[in-house]
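Here is what each chain is made of, one letter per residue.
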Amino acid sequence: MFVLFVVGAIFCLFGGLFLLGNLYFKNHGKVLSGSVIGIERYISKGRKRSRSVMYRPLIEYHFNGKAIIFNTSIGT
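For clarity, every value in this text was computed on a predicted model and none was experimentally measured. (Residues numbered from 1 in each chain as written. Predicted model: local features only at pLDDT ≥ 70, side-chain atom pairs only at ≥ 80, totals over all residues. Heavy atoms only, no water.)

A. Seen up close, the sheet that holds strand β3 (residues 66-71). Pairing is antiparallel across the open sheet formed by three strands, whose spatial order is β1-β2-β3. In the strand order of this sheet, the two ends are held by β1 (34-45) and β3, each with one partner. Averaged over all neighbouring strand pairs, the angle between strand axes comes to 25°, with direction disregarded. For strand β2 (residues 51-63) and β3, the ladder comprises six bridges, and the chain directions are antiparallel. Its bridge partner lying in β3, Glu60 is registered against Ile69. (Pairing = 2+ DSSP bridges. Helix = DSSP H or I, 4+ residues; strand = E, 2+ residues; numbered from the N terminus. Axes fitted to C-alpha atoms, helices over the stretch in contact; angles between N-to-C directions.)

See the structure below:
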């Protein structure tokens, strides 16, 4: 019974931390407009030495007068 209480308390603590982070982001985050300027092709190395071709977008946005190009780490 004690173990369940400790594990539950740990999950509640991490959930509270994620909630605080989300609320901070919602209150202090800035909305920026951007556009997809291209698609990047790359080779993903998976388990058991398998490789597959993946694609991810290249996004450009402007912040403080500078053009910033951003690519995600998630592809399809």
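B. Inspection of the side chain of Arg56 at higher detail. Note on placement: Arg56 falls in strand β2. The class of Arg56 is buried, set by a relative accessible area of 17%. At a separation of 2.6 Å, a polar atom in the side chain of Arg56 contacts the side chain of Glu40. Excluding anything up to four places from it in sequence, Arg56 contacts Gly38, Ile39, Glu40, Tyr42, Asn71, Thr72, Ser73, Ile74 and Gly75. (Buried < 20%, exposed > 50% of the residue type's maximum accessible area, 1.4 Å probe, protein only. Polar contact = N/O pair within 3.5 Å; in protein donor to acceptor, adjacent residues only side chain to side chain. Contact = heavy atoms within 4.5 Å.)

C. Seen up close, the packing of aromatic side chains. Tallied over the full model, the rule gives zero aromatic pairs. Directly above the ring of Tyr42 sits Arg56, whose terminal nitrogen or CZ lies 4.0 Å from the centroid. (Phe/Tyr/Trp six-rings, centres within 6.5 Å; stacked < 30°, edge-to-face > 60°. Lys NZ or Arg CZ within 6 Å of the ring centre and 35° of its normal.)

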